[in-house]
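Close look at the chain arrangement
Read off the chains here:
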Amino acid sequence: MLNSASSNLIYIASIILFLVGFYAVAARPNLIKKIIGINIMETSVFLFLIGIGTKKNGAVPIIVEGVKNYINPLPQAVVLMALVVGVGTTALSLILAVRLSESEKEERQ
Amino acid sequence: MTILTTLLILCLIILSIAVVLNRDMLASIVLFSAYGLVMAVMWQQLGAPMLALAEVIIESGIISVLFVVAVFRTSRDDVE
Amino acid sequence: MKKMFTPLLLTLLGIFFLLAVFKMPPMGNPDNPTNVVAAPRYITQGPQETGCSNLVSAIILNYRIYDTMGEMVVIFGALAAALAILGREHVKEGLSPLKVEPSPLVRIMMVIYIPFFIIFALYVIINGGFSVGGGFQGGAILASVIIIYALIFGFDNAVKRLPAKKRVFFEGMAILYFTVIGFMSVFMGKNFLDLNFLGISMFQKFLTLGLEISIGLASGVTIASLFYILKKVERG
């Protein structure tokens, strides 16, 4: 069990980052801080996926003459798409937060 | 598992806790930008330079600017 | 009671995840399921079937192109929802002066550097099939150039340079291109979005380049539009 823990350090790091992000979403009062927490959770999941895709002594998945041992490109493609979708969802949630605070200000006046 | 990877993991965990516990939103956004940079170096170490490029631009460039704009339109401190 | 709930939930989640991770095979092992099942097909057949030596681009633009189309629709949907909530930016003369004038040094440096940034973005977009880069990264660089321009030269100027009427075309461009290619391949008797519908590898490479360019421009301009909507100046 200890041996598997030392070789799977990146998985454990991504779990800790996920929990930190979850704490921000659950316990911090500011809405923008909650959205930052969602972003930290997102990047931790990406770290986990890239960790799954790695291979010992594997080359970057760009074909070069004479190299045979490449990393699996599929997790990287999935993560690349998710990164760009993340911008759209983050911007949309920020816009919702801004609209909410402005309507609260209007109600107070 | 190299020494650099272990150091980067430590850096990531410390930075993420600092981001979450900071009371000033602007400071925590700057820390979040640094977190994105460290994460990009980490991904480059794991053999994904394309994702590192995207991460540097998107996470610590564009999203941080969006956060700063949103913070100036809402509230700057994180207290109840 | 309520204060105890969050740490309890976090510990439970952590124990659950740790138990799952300890069951996983060691990282980077060549015999792991991820390295055995689908990857050899992509690595050995990918360059011949798609014409891209960058395997990530090969997957995004050929094997899983349907996912990419769905992703462009998701970004477009996010923009449409943002427009429904806050609406397009409306800037009147003199309503949004810069609070702090940047020093002339910054302005002159940016005047010199911005063309190089744009050339770098185009380079990253066009070389996506063969080296590190691709449509999404180049589009993000393009968006960051627009955002830098808006931050340094003022929001009014940035909106004047790239008004909403010009941006609408770029925002919908990628989905239009995907749909046109998809139905072309359907009418030629192949599957939806099969890029090799003519059987000529040169034509397939040409279509792939077009896909890269349309994805780059569309995602870049969409991200810039989201920034504009967020920074929209209120009237009065």
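The rules behind each value
Residues numbered from 1 in each chain as written. Chains lettered and ligands numbered in written order. Predicted model: local features only at pLDDT ≥ 70, side-chain atom pairs only at ≥ 80, totals over all residues. Heavy atoms only, no water. Helix = DSSP H or I, 4+ residues; strand = E, 2+ residues; numbered from the N terminus. Buried < 20%, exposed > 50% of the residue type's maximum accessible area, 1.4 Å probe, protein only. Areas by Shrake-Rupley, 256 points an atom, 1.4 Å probe, with all protein chains shown as cover. Contact = heavy atoms within 4.5 Å. Buried area = accessible area lost by both parts, 1.4 Å probe. Salt bridge = Lys/Arg side-chain N within 4 Å of Asp/Glu carboxyl O. Nonpolar A, V, L, I, M, F, W, Y, C, P; charged D, E, K, R; others polar. Expected span 1.5 Å × (residues − 1). Axes fitted to C-alpha atoms, helices over the stretch in contact; angles between N-to-C directions. Parallel < 35°, antiparallel > 145°, perpendicular 65-115°, else oblique. Patch = residues over 30% accessible without salt bridge, like charges linked within 9 Å, V, L, I, M, F, W, Y side chains within 5 Å. Phe/Tyr/Trp six-rings, centres within 6.5 Å; stacked < 30°, edge-to-face > 60°. Lys NZ or Arg CZ within 6 Å of the ring centre and 35° of its normal.

Counting its regular elements, chain B contains three helices and zero strands. Dimensions of chain B, computed from C-alpha atoms along their principal axes, come out at roughly 40 × 25 × 10 Å. Relative to its 80 residues, chain B shows a buried fraction of 56%. For chain B, the exposed area adds up to about 3200 Å²; of that, 72% sits on carbon and sulfur atoms.

So, on to the environment of C:Arg107. Mapped onto the elements of the fold, C:Arg107 is located in helix 6 (residues 104-126). Taking C-alpha positions, C:Arg107 is 30 Å from C:Gly87, a pair spaced 20 residues apart along the chain.

What follows covers unusual backbone geometry. Despite not being glycine, A:Asn57 has its phi angle at roughly 60°, a positive value. Within the element layout of this structure, A:Asn57 appears in the loop between helix 3 (31-53) and helix 4 (74-108). Not every positive phi belongs to a glycine, and C:Leu193 is a case in point at roughly 65°. Relative to the helices and strands, C:Leu193 is located in the loop between helix 9 (164-187) and helix 10 (201-230).

Counting residues at the interface gives 44 residues for chain A, matched by 43 residues for chain B. Between chain A and chain B, roughly 3700 Å² of surface is buried when both sides are summed, and carbon and sulfur atoms account for 77% of that area. Applying the counting rule to chain A against chain B returns one salt bridge. A salt bridge links B:Arg73 to A:Glu102, with the nearest nitrogen and oxygen atoms 2.7 Å apart. For the side of chain A that touches chain B, the elements supplying multiple residues, two or more each, are helix 1 (2-7), helix 2 (9-27), helix 3 and helix 4 of chain A. Sort the elements by how many residues they give to the side of chain A that touches chain B and helix 4 of chain A lands first, with 14 residues. When grouped by side-chain class, the residues that make up the side of chain A that touches chain B number 29 nonpolar, 11 polar and four charged.

What follows is about the interface of chain C and chain A. Contacts between chain C and chain A engage 48 residues on the former and 46 residues on the latter. Roughly 4300 Å² of surface becomes buried between chain C and chain A when both sides are summed, with 81% attributable to carbon and sulfur atoms. At the surface where chain C touches chain A, the tally comes to zero salt bridges. For the side of chain C that touches chain A, the secondary structure elements donating two or more residues are helix 1 (2-22), helix 2 (33-36), helix 3 (39-50), helix 4 (55-63), helix 5 (65-86), helix 7 (135-153) and helix 10 of chain C. Among the elements that line the side of chain C that touches chain A, the one with the most residues is helix 5 of chain C, at 10 residues. Along the lines of polarity and charge, the residues of the side of chain C that touches chain A split into 34 nonpolar, 10 polar and four charged.

Take helix 2 of chain A next. Compared with the 27 Å implied by 1.5 Å per residue over 19 residues, the 27 Å span of helix 2 of chain A between its first and last C-alpha is a close match. The set of residues buried in helix 2 of chain A consists of A:Ile10, A:Tyr11, A:Ile12, A:Ala13, A:Ser14, A:Ile15, A:Leu17, A:Phe18, A:Leu19, A:Val20, A:Gly21 and A:Ala24.

This part covers the pattern of salt bridges. Working definition: two side chains of opposite charge can pair if their charged atoms are close together. All names here are of chain C. Across all of its chains, the model carries four salt bridges over all chains by this definition. Where Glu49 meets Arg41, a salt bridge forms, and the shortest distance between an N and an O atom there is 2.9 Å. Taking relative accessible area as the criterion, Glu49 reaches 31% and is therefore assigned partly exposed. Residue Arg41 is classed as partly exposed on the basis of its relative accessible area of 44%. A salt bridge links Glu171 to Arg88; the nearest nitrogen and oxygen atoms lie 3.1 Å apart. Here Glu171 is found in helix 9, whereas its partner Arg88 is found in the loop between helix 5 and helix 6, with 83 residues between them in sequence. Given the relative accessible area of 6%, Glu171 is considered buried.

Here we take up the packing of helix 3 of chain A against helix 3 (residues 49-73) of chain B. What describes two packed helices is the angle between their axes and the distance between those same axes. Between helix 3 of chain A and helix 3 of chain B, whose axes approach to 11 Å, the crossing angle comes to 175°. Classified by the angle their axes make, helix 3 of chain A and helix 3 of chain B are roughly antiparallel. Contacts between helix 3 of chain A and helix 3 of chain B involve A:Ile32, A:Ile35, A:Ile36, A:Asn39, A:Thr43 and A:Ile50 on the former and, on the latter, B:Leu51, B:Glu55, B:Glu59, B:Ile63, B:Phe67, B:Ala70 and B:Val71. Split into classes, the residues belonging to the contact of helix 3 of chain A with helix 3 of chain B amount to nine nonpolar, two polar and two charged.

Attention shifts here to a nonpolar patch on the surface. All names here are of chain C. A cluster of nonpolar side chains, namely Leu105, Ile108, Met109, Ile112, Tyr113 and Phe116, defines an oily patch on the protein surface of about 640 Å² accessible area. As for its position among the elements, Leu105 is in helix 6. Owing to a relative accessible area of 64%, Leu105 belongs among the exposed residues under this scheme.

In this structure the tally under the stated criterion is 15 aromatic pairs over all chains. Centre to centre, the rings of A:Phe46 and B:Trp43 are 6.3 Å apart; their planes meet at 65°, and the pair counts as edge-to-face. Of this pair, A:Phe46 sits in helix 3 while B:Trp43 is found in helix 2 (residues 25-45), placing the two residues in two different chains. Three or more aromatic residues joined by ring pairs form one cluster here, namely A:Phe18, C:Phe16 and C:Phe17. Its guanidinium or amino end placed over the ring of C:Phe155, C:Lys231 lies 5.4 Å from that ring's centre, counting from NZ or CZ.

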